[in-house]
Each structure stands twice: as structure tokens, then as C-alpha cells.
Amino acid sequence: MRVLYYVSDTNIPSWGVGMVYTHVRMLCANGINAAVLHGKRGFRPDWMGFDAPRLYRNDKSFRAAADDMVVIPEVHAADPEALNLSRRRIVFVQASSYIEAGFGKTRNSERNYTRLGYAGAMTTMPHIRRIVEQHYGIAAPVVPPCIAPWFFGTANGPRKKQVVLCPKPWCQDYPIIRQMLAARARALGWSVLEMADSPHKQVARAFQRAAIHVNVNCHESFNATVPEAMAAGCIAICYEAFGGRDFLRNKRNAYVFPTHHAYPLVEHTLALMASWDARAAETEKIRQRAAATAARYTEAVTERALLRFFRAFIRSSRKNRRIDASL
């Protein structure tokens, strides 16, 4: 029996793909035969800084066995290629904003994971579990995401007066934020660092040196660079986006704005930059609470939940049952 994680071939940094590789690595370390299942032979993301066993769908030697469990991301949930790999399927929902897109042209009456033939579901955040169970017809235990370990272990001391940005091409607010910060930073004694498509460990080093990280991603449920900045001791300024309510607390562990409130966010960022030294006590309290938040998303926490899920799935599948919603 194998656990195969279906994934697209993309080299754009995405911690969603990073979590797939992390799951596979953890399962293998605990005696469960697992692999990442890419499309084109030889493809490998080069930004993560770690690896996991990989197989390729277009490799002539690849065949899905009858007892293989295939884990399919929500955005590919109705893809014929994914559905044809195995009858033993788990949908992995990391972003609630992609659920409907994943059903594609599926008829309204079939926009339900059980009706699509899924035997189980994994979600990453409490709000996603509620959505999937209420609207998409399947129990959806939470296997929380983790922050890569190289973001932790932040040294104390003064921070470089720098704002780190990690652009995503689909964030329509990003050009506004970037231009306004870049136009005013130098006069305030600050700099702006853009990290587009950068290796993960390089991003970690930048967060561990810089004072502020601004994230205006609107789509993701666990907006990864925000908790990564928290782990690294870098003050996060961000939108609530889809899942922020699960872990973000405005003025306690980050500065959090309603999604698309671009001008209030940038105005606050500029005001914080202008008064940074005078607000040291305020930002230090936020940094401490953010570190406590980040500590909830370690690899150890993810690994325990992941093994609990798969061991229950294996037991249930042997008895021809679905995953129990009490997980």
C-alpha cells in the first residue's frame, strides 16, 4: 500500500506544495510508504530546501495499484486524471478559496466530495473543516500546517529598518502597496526588500533580520509568510484573507486589516515606520505574542495529527468505512 500525493508541476514558491512534501517526508519517516506524484518525469521544485520521494504520472513504469491511497488537492478534486488514479481517494483542502474552482464543470448536484467518490478529507484549518463538512458532504479532520523549522530561533536585538515583501502575481493590491512603500521608505530611513520566487531559507534569513513583513495576499487560508514572519520575530502587517480569524489577532500578534483595505494598511505601515523607535514596547509585545502563535504550528504538531489521520484512515478503509468526523 502506498500513499500518493497528486500535485501539479509548478516551481513558483508555494507552501501548499511545501506541505505536500512535508507530509510525504513525515509519513515515510514513520514507516508509511508515501510519495509525491508529479506529472512530468524529472520535475522537482528547487526552492524548498528539502526533498521527499517522488513518482511521475507520465513515467511508463508508473502504475497506481488497487490499494494505493491517492491524496488530491482541492483545486484538482474533479480532474479526470486525478480521479482515474484510484478509487481510494482523499481530498486535501488547504485553501477554501479554491474549493469551488476544484469542482470545475461538475454539475451542481455533484459538487460534493462524497458523490465524487472521495473516501475521506483532510483540512488544514478549523474554518475550512466547518466549510467542508457543512457544504461539501464529508467529514474533514484538521491536520494543521507547520512552519518550516528554519524560521524559528530568532536572535534578540535591534532589527534592520526594512520592510520585506513577498509578491504573488494574483494579488491585485500588491502594486499599490509596493509603490507607496517604495516611494516613501528612504525619507523615513527605511528600505523595502522584495523577495519574488526566492528560496525558502533565504526568505527565512530576511525575516530574521528585518523589522516588518507586509503581506496582502487575499486568497489563502494559512497565509504562510505571515506565520513564518511571526516565527522569525518580524512584525506582520496583513489582511485577514480567508482564514486569518483562526490565528490572527489585530494589535496582539500582528496588525490585521480587512481584505482589500489597501490604503488603511499602507497608511498604518508608514506611520509605524515613522514612529518605530518610540513604539518599541508595543512592537515587542506583539512579537512575543506572535512567537507564541507560531509555536502552535511546529512540525511535531503536524506530524502527530497526520499520523492520527492516516492510521485512522487505514483502519477505516480495512473495514470499508469513511474517516470518523470525531478526529
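Residues numbered from 1 in each chain as written. Predicted model: local features only at pLDDT ≥ 70, side-chain atom pairs only at ≥ 80, totals over all residues. Heavy atoms only, no water.

A.B. asks: Give a detailed account of the confidence of the model for the chain, specifying residues and quantitative values.
C.D. replies: Here the chain shows a mean pLDDT of 92. Residues at 70 or above account for 96%. Scored below 50 in pLDDT, residues 323-327 shows 19 contacts in the model against residues more than four places distant or in partner chains. (pLDDT = per-residue confidence, 0-100. Contact = heavy atoms within 4.5 Å.)

A.B. asks: Mind laying out the pairing of strand S10 (residues 235-239), listing which residues take part and the relevant values?
C.D. replies: Of all five residues in S10, five are buried, a share of seventy percent or more. Because side chains alternate across S10, one face comprises the buried residues Ile235, Ile237 and Tyr239, and the other comprises Ala236 and Cys238, equally buried. Pairing analysis gives four bridges linking strand S9 (residues 210-215) to S10, with the strands arranged parallel. Paired with His213 across the bridge in S10 is Ala236. Handedness of the crossover joining S9 and S10 through helix H7 (residues 225-232): right-handed. (Buried < 20%, exposed > 50% of the residue type's maximum accessible area, 1.4 Å probe, protein only. Helix = DSSP H or I, 4+ residues; strand = E, 2+ residues; numbered from the N terminus. Pairing = 2+ DSSP bridges. Right-handed = clockwise from strand over helix to strand, strands pointing away.)

A.B. asks: Which residues make up the state of the cysteines, and what are the values?
C.D. replies: Inspection of the entire model under this criterion finds zero disulfides. Summary of cysteine pairing: Cys146 is not part of a disulfide, and the nearest cysteine sulfur, belonging to Cys28, is at 15 Å. The exposure class of Cys146 is buried, given its relative accessible area of 0%. (Disulfide = S-S within 2.5 Å.)

A.B. asks: Break down the side chain of Asp173 for me, citing the residues and quoting the values.
C.D. replies: Relative to the helices and strands, Asp173 resides in the loop between strand S7 (160-165) and helix H5 (174-185). One buried charge, Asp173, has no salt-bridge partner; the nearest side chain with opposite charge is Arg178, at 12 Å. When residues no more than four places from it in sequence are discounted, the contact partners of Asp173 are Val216, Cys218, Tyr239, His260 and Ala262. (Lys, Arg positive; Asp, Glu negative; His and termini not counted. Salt bridge = Lys/Arg side-chain N within 4 Å of Asp/Glu carboxyl O.)

A.B. asks: Let's hear about the packing of aromatic side chains: which residues, and what values?
C.D. replies: Under the defined criterion, the tally for this structure stands at 14 aromatic pairs. Ring centres of Tyr113 and Tyr118 lie 5.8 Å apart, and the angle between their planes is 85°; this geometry places the pair in the edge-to-face category. Accessibility expressed as a relative area gives 0% for Tyr113, which makes it buried. An angle of 85° between the planes, with centres 5.2 Å apart, marks the rings of Phe309 and Phe310 as edge-to-face. With respect to burial, Phe309 and Phe310 carry one shared label: buried. (Phe/Tyr/Trp six-rings, centres within 6.5 Å; stacked < 30°, edge-to-face > 60°.)

A.B. asks: Please give an account of the sheet that holds strand S3 (residues 54-56) that cites residues and values.
C.D. replies: A sheet is described by the order of its strands in space; here six strands give the open sequence S3-S2-S1-S4-S5-S6, paired in parallel fashion. On the outer flanks of this sheet lie S3 and strand S6 (120-123), each paired with one strand and no other. Taking each pair of neighbouring strands and ignoring which way they run, the sheet shows an average axis angle of 30°. Pairing geometry for strand S2 (residues 34-38) and S3, over three bridges, is parallel. Among the inter-strand pairings, His38 is bridged to a residue of S3, identified as Tyr56. On the sheet, helix H1 (residues 15-29) packs against strand S1 (3-6), S2, S3, strand S5 (89-93) and S6 and is oriented at approximately 150° with respect to S2. (Axes fitted to C-alpha atoms, helices over the stretch in contact; angles between N-to-C directions.)

A.B. asks: Quick rundown of the sheet that holds strand S11 (residues 255-257)? Include the residues and the values.
C.D. replies: The parallel open sheet is built from five strands, whose spatial order is S8-S7-S9-S10-S11. Strands at the two margins of the open sheet, each flanked by one partner only, are strand S8 (191-194) and S11. Sheet twist, expressed as the mean angle between neighbouring strand axes with direction ignored, is 20°. Bridge count for S7 against S9 is four bridges, and the pairing is parallel. Pairing of Leu165 across the sheet is with Val214, part of S9. Packed onto the sheet, helix H6 (residues 200-209) meets S7, S8 and S9 and runs at close to 120° relative to S9. In this fold H7 packs onto S9 and S10, with an angle of close to 165° to the strand it touches most, S9.

A.B. asks: So, the layout of surface pockets: which residues are in play, and what are the values?
C.D. replies: Of the volumes computed, that of the largest pocket is approximately 1,000 Å³. Contributing to the lining of the largest pocket are 49 residues, with Ser14, Trp15, Gly16, Lys168 and Glu220 lying nearest its centre. Mapped by element, the contributors of at least two residues to the lining of the largest pocket are H1, H5, H6, S9 and H7. (1 Å grid on protein atoms, 1.4 Å probe; cavity = no way out; pocket = protein on both sides within 12 Å on 5 of 7 lines; lining within 4 Å. Points joined across faces, edges and corners; volume = space filled by probe spheres on them.)

A.B. asks: Can you lay out the environment of Met69 for me, pointing to particular residues and giving the numbers?
C.D. replies: Here Met69 lies in strand S4 (residues 69-73). According to the relative accessible area criterion, Met69 is buried, its value standing at 0%.

A.B. asks: Outline the pattern of salt bridges, supporting the account with residue identities and numerical values.
C.D. replies: For the structure on display, the rule yields 13 salt bridges. Taking the shortest distance from any N to any O, the salt bridge between Arg279 and Glu282 comes out at 3.1 Å. Given the relative accessible area of 30%, Glu282 is considered partly exposed. Salt bridges sharing common partners tie together Arg44, Asp51 and Arg54.

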